[in-house]
Protein chains: 2
Amino acid sequence: MPSKYVYAFGAGSAEGDGSQKDLLGGKGAGLAEMSRLGVPVPPGFTITTEVCAYFQEHAGSYPEGLDREVDQHLAQLEERTGQRFGDPNDPLLVSVRSGAARSMPGMMDTVLNLGLSDSIVAALVARGVDERFLLDAYRRLLTMYGDVVLGVPHHDFERILGDARKRQGATNDFELTPESLRGVVADFKRIIAEHGKPFPQEPREQLWGAIRAVFQSWNNPRAREYMKIEKITGLLGTAVNVQSMVFGNRGSDCATGVAFTRNPATGERRVYGEYLTNAQGEDVVAGIRTPREIAPVDGGAGLGADFPEAHRELEAICARLERHFRDMQDVEFTIQHGKLFMLQTRSGKRTGPAAVRIAVEMVEEGLIDQREALGRVQPAQLAQMLAPEFDAEQKKKAIAAGNLLAKGLPAGPGAASGRIALTAERAAEMAASGPVLLVRAETSPEDIVGMHASVGILTSRGGMTSHAAVVARGLGKPCIVGAGDLDVDEHAGELRVAGKVFHEGDELSMDGTAGEVIAGGIATRQSEVLRVILDGAEPSPAAKAFVKLLTWADGERRLRIRANADTPHDATVANALGAQGIGLCRTEHMFFDDERIAWVRQMILAEDEATRTAALSRLLPMQQKDFEGIFAALSGLPITIRLLDPPLHEFLPKEEKALRVLAEQMGIDAAAVKARAEVLAEANPMLGLRGCRLGITVPGIYEMQVEAIVRAACVRAKAGERVRPEIMVPLVGTVQEMVRLREMTAKIVKRILNEEGLQLEILIGTMIEVPRAALVADKIAEHADFFSFGTNDLTQMTYGYSRDDAGRFLPLYVEQKVLPWDPFQSIDVEGIGQLVRLACERGRATRPDLHLGICGEHGGDPQSIDFFEEVGLDYVSCSPYRVPIARLAAAQAALARRTVEQRPKPSIATAVAAAGSALAEAVASIAGAAKAV
Amino acid sequence: MPSKYVYAFGAGSAEGDGSQKDLLGGKGAGLAEMSRLGVPVPPGFTITTEVCAYFQEHAGSYPEGLDREVDQHLAQLEERTGQRFGDPNDPLLVSVRSGAARSMPGMMDTVLNLGLSDSIVAALVARGVDERFLLDAYRRLLTMYGDVVLGVPHHDFERILGDARKRQGATNDFELTPESLRGVVADFKRIIAEHGKPFPQEPREQLWGAIRAVFQSWNNPRAREYMKIEKITGLLGTAVNVQSMVFGNRGSDCATGVAFTRNPATGERRVYGEYLTNAQGEDVVAGIRTPREIAPVDGGAGLGADFPEAHRELEAICARLERHFRDMQDVEFTIQHGKLFMLQTRSGKRTGPAAVRIAVEMVEEGLIDQREALGRVQPAQLAQMLAPEFDAEQKKKAIAAGNLLAKGLPAGPGAASGRIALTAERAAEMAASGPVLLVRAETSPEDIVGMHASVGILTSRGGMTSHAAVVARGLGKPCIVGAGDLDVDEHAGELRVAGKVFHEGDELSMDGTAGEVIAGGIATRQSEVLRVILDGAEPSPAAKAFVKLLTWADGERRLRIRANADTPHDATVANALGAQGIGLCRTEHMFFDDERIAWVRQMILAEDEATRTAALSRLLPMQQKDFEGIFAALSGLPITIRLLDPPLHEFLPKEEKALRVLAEQMGIDAAAVKARAEVLAEANPMLGLRGCRLGITVPGIYEMQVEAIVRAACVRAKAGERVRPEIMVPLVGTVQEMVRLREMTAKIVKRILNEEGLQLEILIGTMIEVPRAALVADKIAEHADFFSFGTNDLTQMTYGYSRDDAGRFLPLYVEQKVLPWDPFQSIDVEGIGQLVRLACERGRATRPDLHLGICGEHGGDPQSIDFFEEVGLDYVSCSPYRVPIARLAAAQAALARRTVEQRPKPSIATAVAAAGSALAEAVASIAGAAKAV
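Residues numbered from 1 in each chain as written. Chains lettered and ligands numbered in written order. Predicted model: local features only at pLDDT ≥ 70, side-chain atom pairs only at ≥ 80, totals over all residues. Heavy atoms only, no water.

**Points about the interface of chain B and chain A**
- Opposite the 50 residues of chain B that make contact, chain A presents 50 residues.
- When chain B packs against chain A, the two sides together hide about 4,500 Å² of surface, and 54% of this comes from carbon and sulfur.
- Taken as a group, Leu687, Arg772 and Arg808 of chain B account for 15% of the area that chain B buries against chain A, more than any other trio of residues on that side.
- At the surface where chain B touches chain A, the tally comes to eight salt bridges.
- On inspection of chain B and its partner chain A, the count reaches 36 residue pairs in polar contact (both at pLDDT 80 or more).
- For the side of chain B that touches chain A, the secondary-structure elements that each account for two or more residues are helix 27 (670–680), helix 28 (692–697), helix 30 (735–756), helix 31 (771–775), helix 33 (791–799), helix 34 (810–815) and helix 35 (832–846) of chain B.
- Grouping the constituent residues of the side of chain B that touches chain A by class yields 23 nonpolar, 12 polar and 15 charged. (Contact = heavy atoms within 4.5 Å. Buried area = accessible area lost by both parts, 1.4 Å probe. Salt bridge = Lys/Arg side-chain N within 4 Å of Asp/Glu carboxyl O. Polar contact = N/O pair within 3.5 Å; in protein donor to acceptor, adjacent residues only side chain to side chain. Helix = DSSP H or I, 4+ residues; strand = E, 2+ residues; numbered from the N terminus. Nonpolar A, V, L, I, M, F, W, Y, C, P; charged D, E, K, R; others polar.)

In structure tokens form, the structure reads like this:
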């Protein structure tokens, strides 16, 4: 152990500095750095996180010499403040606060006014200090100390206060008379004593009690659970900050407040915050008095009017801190008798748009460079900016009209409006006649169908990893969980909230990005960013920054980004959002078109070869037109076209009645149609006759599709366009499947190019989605120009999880930590990752120029993209609307690798943890912003 | 190339010997060895397989010097026989035959009487040689030469012969007068000439023409296909045998015949065969005259009566050949004017019982040692001896009554009787009211349900790898394919065969081991071997040999053999058949018992915890009783008990009506039951909520099962028995699943053992059946005492094949060689094998004493067992009736490894080919025996 455990700060200097977050905690480091900068900080000292680690490892004892160091620093503090601990005439009062390198709920937070005692209060009163102020400070100390140090239930104190208010006929605590407060203090001391030990009258004993409580709280279940969820590892412990008290509640020349150096919601460069005159910090939070804005946008009076000097100083300090820390800061301050004191500074949480705008503008201001800016924005924050949003005017009106009903955890971003259903069954029924919001106390696997049917999901219980949250994110639906104010009574068919009663069928709205539940319907629309990029709308500063940031990302990333798109419209959107080609064009989606499905069914139900061929020849020109359209939309970018993948029975109606109608339409015997449909039905369609198995057993379909692709390519090529089709065989598991289908494909390509007299490069490759394909990738690569990892199916088969069914246990698995995360959301590096890596290595060993990509849904997931960068894929392909997210994530992954080369390589676990907490960070950011605003 | 291409034989010596099969082919090596032994062999010479290889590689030209060598050997042959090629007075006549190291259908077979010509026939007639004999020999030469050398269609010759018979009013060819034969010869020569080239009159030209035809036939499609199917690799080519003619048809002192040195059907040690007086070899095959037995069992007159001298000599030669070759021989002989000539000797094909009896008796006779005996029996031959068989008396009577309708390829062993159905749909319908045989021209994927419903499958078309054959073997059902005499008319609902007409519902019988289709029903019964072992029936010599052979196998094998058994009865059977424990006891089978299913359903449908717990507590004592019974039956052997594996919906009725009845019985609302059933239904049950996923989400079931196991173990232990339960968690894919379920299991085990005051060793392990489990086996092994490979599921998931659905494409895949074999029958070493090997290595790296076994159906497959020996598993577990097969296969695998250590390691492909042809060998063996008998 080092010999220094305690670091002083304040009075224009500090023993530590801002770089020592690990040792001093975030708060301690911030205080030290501010002291060094000459920012007015009430002096104090920090006991290091190493002491906490020692404390944990040595059953609650302290390292040798700590007591002496604390004594020395206390003496120095007394000297600096000119006050003495326990001095009845001018006592030193301190706050004791925890502070780890990362902020963490669950740890002991704060004990204020430490140093007061019966005799000191009495002495000060005797010296003429305001008795109400003193007793109020003392009862606060008793409450906080009793609660967090001595374990007396908080509500015991609440009850006594309530009784006192009742007796006096007061509404608020601050109305209590000194007489009432005397009774309260006496009662507080009594119940503390009853609970075990009387409140210690000796300030040093108070201090050591508070220090011990902070260290003990490091290891409490809530803090541990939080670290587990957030995958926080490698922290030594918490530091303890002991700081001399300043008071914002000693008169009208006092105030307390919080501020952000820029607007945390919009990113605007302007100090943003609020304050209360003659108040202590906790009064701001309690919300009894309405705080005032520091600098009202409407130009009204603010801090500058009330405290012109302090306001000027605050503005200057904010500017200085931001320049110094090179990031937007979140500060706390107190004005005591007109003098400004800074109590805390830290990086401010912010919304997605704010994060993007601040990062980009700070580059323009020369504060940070582009690479740093790229690291300042979480990909999930871009997702916020892309999610559908409410019409801002309508939402504003609804909230102004008092329609904001409740807030919860924002578990899935985006806005949705719909009629509420209180059971999954009702949701499924009601969905037929319009959008439905599913509202439940909590969801369970049995609700899965209803969740599919709903446009948004809302629960009163559960956290960010609850069943509802996990499933909703998997489905990409807006979701709010843990909205505790909702009283969901499915038996009565009623939702009670904010004193109102809603029945099934009543309309609600929810903002999954902000976690807000609003009465009535609100029109939703495309996000601003999409309106700017796709429709050319006038951009806000944040949207401008969005576009700029992605341009920078493009300059840094190695991975190319493609999109999954099946139509010319999707291809156009993907193009606009920066896709460098189509990584997955699913031809079966074209089969479901109204005009075609009849021919598709004819083909499937054909009883002889001639009928089948006839049906296929009707489909050929239609598919060809599809491809012509997509090729045109791509303007020369490559496109990977997957041959038919799903089993044929997916194209037949499920209901017997519909089958009869179909038979009539087609002039076939109904019994024959039914028999054929039964024959085609499968016990496990996921593992049945689909993909290349169809290509081999019913070759006509693939032959038709290949012909359509090549003919379409020829048409566009003759029109002078560049076309770069890549024909992809799905579900290959054996070398022979690839050999045969490559042969079949190549033959048709050659024949048609010969007929057309054209020379086009058309690649032929395969998906790697069957585990066996990864194992024999070296051999498959002999016959494939490219591999595209189908990580959806690869995950399904390697885990043995059907996506359609895993909703019954996956959320529980994630909640109970059987799985660290949903492997369909972020790739399972430990297991599936082995197969991906193996297939890359073996494939490239055979064919060094093998083109490697991924077209599963992991292609749009930042954590997965980091892994794909690591294994050296050439591109990722994701849904068009995730292309911007992938562009940023790919840049971050590339930058992380570049940094890694210069320092010890982090374990995958760490890397994953860093990336994985993106969503939670975003959530906390918004929650923080909401609280701040 | 070496300088020697031609090897002489005959006259008591030979240039080559029996060890040179690769160089001289099987036939040539046999002839050389017989010559060296002093056995009377018509002299001749063999052109080596190396010449064939040269011929193939050099576009049909011969190596330098071959013509000279052939000339030299021809001159020597002339000297030895005292005859000359083309000599009109005493011409040398030869046969030309192909002969590779392995016999192979499709290659050119035989040209006899080569050396005859117009002028020679005329000269001999002039010298008084029987003209009819000469013309008959000449027309045979013209037919064979025209057909196989000159490519004239065989039926052209048949037509001319037919016309000649008609003109003369004769029924058989041998009635044709010299005059008629003269016309036939003239017509034969005419059509040969019309076809391109006239028949060569020069004997040397005839000879080189025949040699070329043999070499060319090596590469014809039929021969190549056969090699592909039989996985024959590494052969250089075929040899050509040129041998002086002897004639069995030159008078009543001549004869021709075939013999086995022991009975190829029963293995009895007694020369067995048949002969025809005054006949040539092909007359025996043609079946116009009935051959006579060499030594009739009833003691009647045989060869000894007709040719006492030749018979004695044949007996002596057979004994000598068998001693020399140390195996049962299949010989061909000709008696010319009383003198015996041997034309061929080779290892004789034999039935399963014969193979076992011969191998064991040869050890007892000191001819071979035990290890050699173990190599002489194919595991599939044991399968024949274990398959159900017809009551021998009844079958004999049926055949004697002329009820044998047709023969086909024996694609699946065993006997079956039932009413015939001509479509799969009818089969499925009829199956409800008794056993059904499905009879089709050929089957297709759409017939799969009907195939499941039938007790046997019979087709008129297709080969050993046709859809019907592959599916039937997969289902373990008797099957005959390619029974070409069957005329299946599904539209008329008729089966026409042997002049009879059968309608759907008529009764037929089929012997899948022999390939026989028989009219009417025949009682089937357990095989003799099982009656001996299980019921103590009096053993036949073959059954005695069966038991002895397996005892020897036990002495050689390293792998232990366990059985999959769910009931005390199964456990008893497994014990009797030599199982060393139970490798898989499926607890869910117990759930289907009539008495329990109601409680199981109660448990599943429970709407609250109390109801579920109540149902489980009713099931507990029942499961405990099951385990007590199985423990008792095992008498101290270990048993691996798998906790519940299938999804819960498997225990609910499928039909809505049955659900309603269930709801009534249980006093639950029908709608609620239906809703619950719908909630439980899965899109892909194979990949759904089952196995350990149930154990984690619905822990009560596993807790009950573990308690039942431990309580049962305690009961038996207190009764003084040794109990060795091993609790197996199914479907583990992640380490955490294993951690949690091991913890849960260990806790219950500890609690109950404490309660009972007992100390029992109870292992806790897992199946490796999810691909991911193999990938993280190192980590899983930290928490598992054993691994048992579930290769069924591992194959399903790694290939992405659902066994229930793969019937639609797997047979086609096997037929078209997309897959080398059905991976559910024999393990896919290339793909799945990688995962098995990986899991073994990683598991043992973590825990060197990790116990490794396999309990998928591959556990009873010889080819797979060879692989499991290679990767070093501790045991294989298979169905009780396959335990004997596994014992032999394990011994063979162990012996192969011991041999391998002394010589270059064979490639897996070779090893697999050797094992893989077992079934085809058995088939050919029976077909051969049938032909011989």
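On we go from here.
**Description of the pattern of salt bridges**
Residue and element names in this part refer to chain A.
- Applying the stated criterion across every chain yields a total of 134 salt bridges over all chains.
- Between Asp136 and Arg140 there is a salt bridge, with its nearest N and O atoms 2.9 Å apart. Separated by four residues within a single helix, Asp136 and Arg140 lie in helix 5 (residues 131–149), roughly one turn from each other. Arg140 carries the same exposure label as Asp136, and that label is buried. (Buried < 20%, exposed > 50% of the residue type's maximum accessible area, 1.4 Å probe, protein only.)

**Topic: the relation of the copies chain B and chain A**
- Overlaying chain B on chain A yields an RMSD of 0.1 Å, the required transformation being a rotation through 180° with an accompanying axial translation of 0.1 Å. The symmetry that links the two subunits is that of a two-fold axis. When C-alpha positions in chain B are compared against the rotation axis, the closest is assigned to Asn684 of chain B, at 2.2 Å.
- Most of the interface of chain B is mirrored in chain A, where 100% of its interface residues again form contacts. (Least-squares fit on C-alpha atoms with pLDDT ≥ 70 in both.)

**Description of the packing of helix 33 (residues 791–799) of chain A against helix 35 (residues 832–846) of chain A**
All names here are of chain A.
- Interhelical geometry of helix 33 versus helix 35 gives an angle of 120° and a closest axis separation of 10 Å. It follows that helix 33 is oblique to helix 35 by the angle criterion. For the crossing formed where helix 33 meets helix 35, the hand is right-handed. Counting all contacts with helix 33, which are made through Leu794, Thr795, Thr798 and Tyr799, the residues of helix 35 involved are Ile832, Leu835 and Val836.
- Among the residues making up the contact of helix 33 with helix 35, the classes are represented as five nonpolar, two polar and no charged. (Axes fitted to C-alpha atoms, helices over the stretch in contact; angles between N-to-C directions. Parallel < 35°, antiparallel > 145°, perpendicular 65-115°, else oblique. Left-handed = near helix turned anticlockwise from the far one by under 90°.)

**Some words on the sheet that holds strand 2 (residues 13–14) of chain B**
All names here are of chain B.
- On the basis of which strands lie adjacent, the open sheet formed by six strands has the order 2-1-3-6-4-5 and antiparallel pairing. Edge positions in the open sheet fall to strand 2 and strand 5 (110–114), since each of these has one partner strand only.
- Across two bridges, strand 1 (residues 6–10) lies against strand 2 in antiparallel orientation. Looking at the pairing, Gly10 lines up with Ser13 of strand 2. (Pairing = 2+ DSSP bridges.)

**A short note on the pairing of strand 28 (residues 724–729) of chain B**
Residue and element names in this part refer to chain B.
- Burial runs high along strand 28: five of the six residues are buried.
- Bridge count for strand 27 (residues 638–642) against strand 28 is five bridges, and the pairing is parallel. When the sheet's bridge partners are listed, Arg642 is paired in strand 28 with Met728.
- Of the strand pairs in this sheet, strand 28 and strand 29 (residues 763–768) are connected by four bridges, and their pairing is parallel. Within strand 29, the position partnered with Ile727 by the bridge is Ile764.
- On the question of chirality, the crossover connecting strand 28 to the parallel strand 29 by way of helix 30 is right-handed. (Right-handed = clockwise from strand over helix to strand, strands pointing away.)

**Quick look at the confidence of the model for chain A**
All names here are of chain A.
- Averaged over all residues, the pLDDT of chain A equals 90, while 94% of them reach at least 70.
- Here residues 903–933 scores under 50 on pLDDT; set against residues more than four positions off or in separate chains, the count is 39 contacts.
- Scored by ipTM, the complex comes to 0.84, with pTM at 0.84. (pLDDT = per-residue confidence, 0-100.)

**Some points on the packing of aromatic side chains**
- Applying the stated rule across the entire model yields 28 aromatic pairs over all chains.
- Centroid distance Tyr138 of chain B to Phe199 of chain B: 6.1 Å. Interplanar angle 70°. Geometry classified as edge-to-face. Separated by 61 residues along the polypeptide, Tyr138 of chain B in helix 5 (residues 131–149) and Phe199 of chain B in the loop between helix 7 (178–194) and helix 8 (203–217) bring together distant segments of the chain. Summarising the burial analysis for this pair, Tyr138 of chain B and Phe199 of chain B share the class buried.
- Note that Arg562 of chain A overlies the ring of Tyr875 of chain A, its terminal NZ or CZ placed 4.2 Å from the centroid. (Phe/Tyr/Trp six-rings, centres within 6.5 Å; stacked < 30°, edge-to-face > 60°. Lys NZ or Arg CZ within 6 Å of the ring centre and 35° of its normal.)

**Here we look at the side chain of Ser826 of chain B**
Residue and element names in this part refer to chain B.
- As for its position among the elements, Ser826 is in the loop between helix 34 and helix 35.
- You can call Ser826 buried: its relative accessible area is 8%.
- Among the polar contacts made by the side chain of Ser826, one reaches the side chain of Asp861 at a distance of 2.8 Å.
- Setting aside residues no more than four positions away along its own chain, Ser826 makes contact with Trp821, His858, Asp861, Gln863 and Ser864.

**Regarding unusual backbone geometry**
- The residue Arg326 of chain A is not glycine, and still its phi comes out positive at about 55°.
- Relative to the assigned elements, Arg326 of chain A resides in the loop between helix 12 (308–325) and strand 10 (329–336).

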